[in-house]
Each structure stands twice: as C-alpha cells, then as structure tokens.
Amino acid sequence: MKRCLSILLTLLLALSSASVVLADGPDGPPDTPFRDIHSSDWFYADVVTAFNAGLINGKAPGEFAPNDLLTYAEAAKLAACMRQLHDGVSFTPQNDVGMWYEPYVTYCKAAGILWADYPWNQPATRAGYMEIFASALPDTALAPINEIADGAIPDLGALSEWTKNAVYKLYRAGIVQGTGDDHACQPYDSIRRCEVAAILTRMMDPAKRISFTMTAPEHRIETISGVTYVDGILIANKTYSLPADYAPGGLTTECQTALDALMAGAARDGLSIYPISTYRSYEYQAGLYERYAARDGYAEADRYSARPGHSEHQTGLAIDVNSLDYDFAYTPEGIWLAAHCAEYGFILRYPEGKESVTGYRYEPWHIRYLGREIAEEVTASGLTLEEYLGITSVYAD
Ligand SMILES: [Zn+2]
C-alpha cells in the first residue's frame, strides 16, 4: 500500500512540468491546499492526499490549476515516469540542452512507448494521450477487466485503427470510462490536470480501476415489402438490396425539395451545384452495370458500380452532382458540398478511405438524403452510414 501511494505521489509530482518544490511549509499543510480546489470537486481526494503528503505543488503558489490542459510533453513525461516506476528503475533526465521534455521523449521512443512526434507544447487530445498511455505500461499491466464490445464506444469513427485500439485497451483495462451514459470518448477534446490525477492512480493501482461493461449498440433492422430499413433508414448497399419493382420513378418529394434548397444555398454563395444523375431504375442500373463490367471486368466494376437492386440511386434518395471526377472534391463546389450538404439533409455517402466499409470507392460527388437531423449526426460522428448503423456492405456471393 505504501508503495502504491508513493508511486501515485511521484506521478502527481510529475504532473508539474516546472520545477517542483516539496511542500513542507512551517505551518504544516492546510486543509484546503489550493484556492482553486474545493471539497466538492470530484478530484479533491486525489489532489489533497498528494499535497498533504508534501509531494505535490500547484503550478503557482496556492494554485493547482486543475483546469489547465495536459500537453503532449507532459503526457510523455508521465508515460516515462509510469514505465520507470513499473520497472523499478530510476531515471535522471539529462537536461543540459534543448527543451525540458526531450529526455522523456527520447526515453519513451527507446522504450517503445512513443512511435511518433506530437506537437509537444500543444494540449493533448484525449485520443492523443490515450495513444501514449496505452503503451506506457506492458500489456500485462493493462490486462482487460471489462467487457467492451467492438464498436461500443460511440464516437471514434474517423480515428485510425491504431488509435482506436489504444482507446479500447484503456477502456477494457478500466483506466478510462468516457463521459455520459454512452461512455463517449470525445477523442478530439483536451484533458485537464484534475482528470489526469485520477487516471494515473488507476494506471498504477489495479485496485482503483473501474469496472463497467459496454455492449454494441443495438440497431433495428426491418424488412418491409423486400426493402430494408435500419433504425428507420432505407438502406441499399451490397448487403441489402431493393426489389426489382421498387421504383419511386424519381427523387422523392422530400429529397427533391432538399436538393433544390441545397442548390439555392450554393447559388447564394456564388456556386453552381447541379444533379447529373438522380433516380435510376432497376433495369437502367442493370444495363449500366453490365456495360461497366464488359469494359473493366466484374471485379473492378463492383468497386464503383452497383449490381442491379443494390444501387442507392434506385431509392430516389441519392444524387450525383456536377462531375464524376475525383478532382471535383477540390473545386469550390466540391468543398462547399462537403462542408454544407448536411445542413440540407445530405451526407457524402462514400468517403475517401472507406471502401472496405461502404463497399465503394471514394465518390465526392455522390450524396444521400437522410434528413437534416440524421445527416448532421452522421457527419458529426465521422462515421460512414454503414458504421453509424452497424451494418455491412458486402455481396453475399
Ligand atoms: Zn452515385
């Protein structure tokens, strides 16, 4: 127990990047060590314990600065300290030249904790410090205790697999639990010093880790007259097809109205966005797909053209605009579309780098109508529609 406490205190000490002074004043430690810490603060116990033991100071006399943001440099220093404490070795940084954090960065790189440079003096994002902390200790010291289903953390959509793995590792080890009922990670937010104190405690003391479980979100899949709806959203992709006779005959009224509004909005900004392909019938798509397959072969055609019944254009809710050219993404219209289409109820349906998820190559010109609320939610999540709804897009054969 004493060892655990001393480890914790040493780590809290390490939270201060400036020189640290032992707080053994002549009057003894006050009950409330810092003006900016209150007994109702959830992190109160962490900070007071450390202060009363005389091993932590604030950033300035009387101030712990609990809301100051942790920088990447501080995260690297803490990671180095954690590893050394775990390994039972001591480390004396060689502070002769350069920035104060450089010895820690060098140590972390040699120890396999850091694989890249970060903007060291910038506040760390939550995803960023988790990348570093997830490697700070050996896997055996961060063993999973929690059942956290793949895909259960709701807001990691656009992060790399490597980063996601780091976040899941810390959730599963009980180091972090996110915020809110859905345990959101808020990966792009910063992290405050007061939050880090509790995380360090859990990193170094398995008894302090948090037990919780997260199940993958449940989605309601219904089939009505052969048409698949997931959470009420009509889906046509490689997994879910439409019947040959599903034929709205054109864009739905709601979609057409939204498209008109989008075009008017673009026009107000001096730009011209116009449809070049909207509704396509099952039969039309069949001919189109066969022509592409004859030209490029079926395997290649499957990367950009839907088999009949699988095209989103058959829904009357999808539109190709302006140009079927990747460079469209870099035109003022393409940039405007990506930035504003959600305000009109559309998403860019096939984002770059998501072919393995959506089943299709990047299409900066293809928008799908979802209604404003869902379109904005999907866009903000950084997820593809497949990821958002927890579904696949793969042909059965
Ligand atoms: Zn399209």
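Residues numbered from 1 in each chain as written. Predicted model: local features only at pLDDT ≥ 70, side-chain atom pairs only at ≥ 80, totals over all residues.

Draft legend 1. Geometry of the overall build of the protein chain. From N to C terminus, the protein chain includes 14 helices and 7 strands. Among the 397 residues that make up the protein chain, the fraction classed as buried is 37%. For the protein chain, contacts bridging at least 24 residues in sequence account for 76% of all contacts bridging at least 6. (Helix = DSSP H or I, 4+ residues; strand = E, 2+ residues; numbered from the N terminus. Buried ≥ 20, exposed ≤ 12 C-beta atoms within 10 Å, placed from the backbone. Contact = placed C-beta atoms within 7 Å.)

Draft legend 2. Structural context of the sheet that holds strand β7 (residues 363-369). Spatial ordering of the open sheet is given by β4-β5-β7-β6, a layout of 4 strands whose pairing is antiparallel. With partners counted over all chains shown, the strands left at the sheet margins are β4 (275-277) and β6 (346-350), one partner each. Strand after strand, the sheet turns through a mean of 50° between neighbouring axes, direction not considered. For strand β5 (residues 318-321) and β7, the ladder comprises 3 bridges, and the chain directions are antiparallel. Within β7, the position partnered with A318 by the bridge is R368. (Pairing = 2+ DSSP bridges. Axes fitted to C-alpha atoms, helices over the stretch in contact; angles between N-to-C directions.)

Draft legend 3. Spatial organisation of unusual backbone geometry. Even without being a glycine, A65 presents a positive backbone phi close to 55°. When the 17 C-beta atoms within 10 Å are taken as the criterion, A65 is described as partly exposed. Backbone geometry at N322 places phi at a positive 60°, although glycine is not the residue there. Mapped onto the elements of the fold, N322 is located in the loop between β5 and α11 (332-340). When the 18 C-beta atoms within 10 Å are taken as the criterion, N322 is described as partly exposed.

Draft legend 4. Looking closely at the environment of G250. Take G250: it is sitting in the loop between β3 (233-235) and α8 (253-268). Considered as a pair, G250 and Q314 are 64 residues apart in the sequence and their alpha carbons are 8.5 Å apart. If sequence neighbours within four positions are ignored, G250 has contacts with T278, Y279 and G316.

Draft legend 5. Representation of the sheet that holds strand β2 (residues 227-230) in the model. Across the sheet, which stays open at both edges, the 3 strands sit in the order β1-β2-β3 with antiparallel pairing between neighbours. Looking at the sheet topology across the chains shown, the edges are occupied by β1 (221-224) and β3. Averaged over all pairs of adjacent strands, the angle between their axes in this sheet comes to 35°, without regard to strand direction. The pairing of β2 with β3 spans 3 bridges and is antiparallel. Bridging across to β3, T228 finds its partner in I235.

Draft legend 6. Examining the nonpolar core more closely. Grouped together as the largest cluster of nonpolar side chains are 54 residues, with contacts concentrated most on A76, A79 and L170. Only α2 (44-52), α3 (72-87), α4 (102-110), α5 (126-134), α6 (161-172) and α7 (193-204) provide two or more residues apiece to this core. Counting residues per element, this core draws most heavily on α3, at 10 residues. Beyond its immediate stretch of four places on either side in the chain, L170 contacts M130, F133, A134, I175 and V176. With 33 residues, the next largest nonpolar core counts Y279, A342, Y344 and Y388 among its residues. (Core = buried A, V, L, I, M, F, W, Y, C linked by C-beta atoms within 7 Å.)

Draft legend 7. Geometry of the confidence of the model for the protein chain. Here the protein chain shows a mean pLDDT of 88. Residues at 70 or above account for 87%. This model gives residues 17-30 a pLDDT under 50, and the stretch forms 18 contacts once residues within four places in sequence are excluded. (pLDDT = per-residue confidence, 0-100.)

Draft legend 8. Here's a closer look at the packing of α3 against α4. Two elements in contact, α3 and α4, have axes whose closest approach is 9 Å; the angle formed by their N-to-C orientations is 55°. Between α3 and α4, the angle is such that the two are oblique. By crossing handedness, the relation of α3 to α4 is classed as left-handed. The residues of α4 that touch α3, namely those facing A76, K77, A79 and A80, are Y104, V105, Y107 and C108. (Parallel < 35°, antiparallel > 145°, perpendicular 65-115°, else oblique. Left-handed = near helix turned anticlockwise from the far one by under 90°.)

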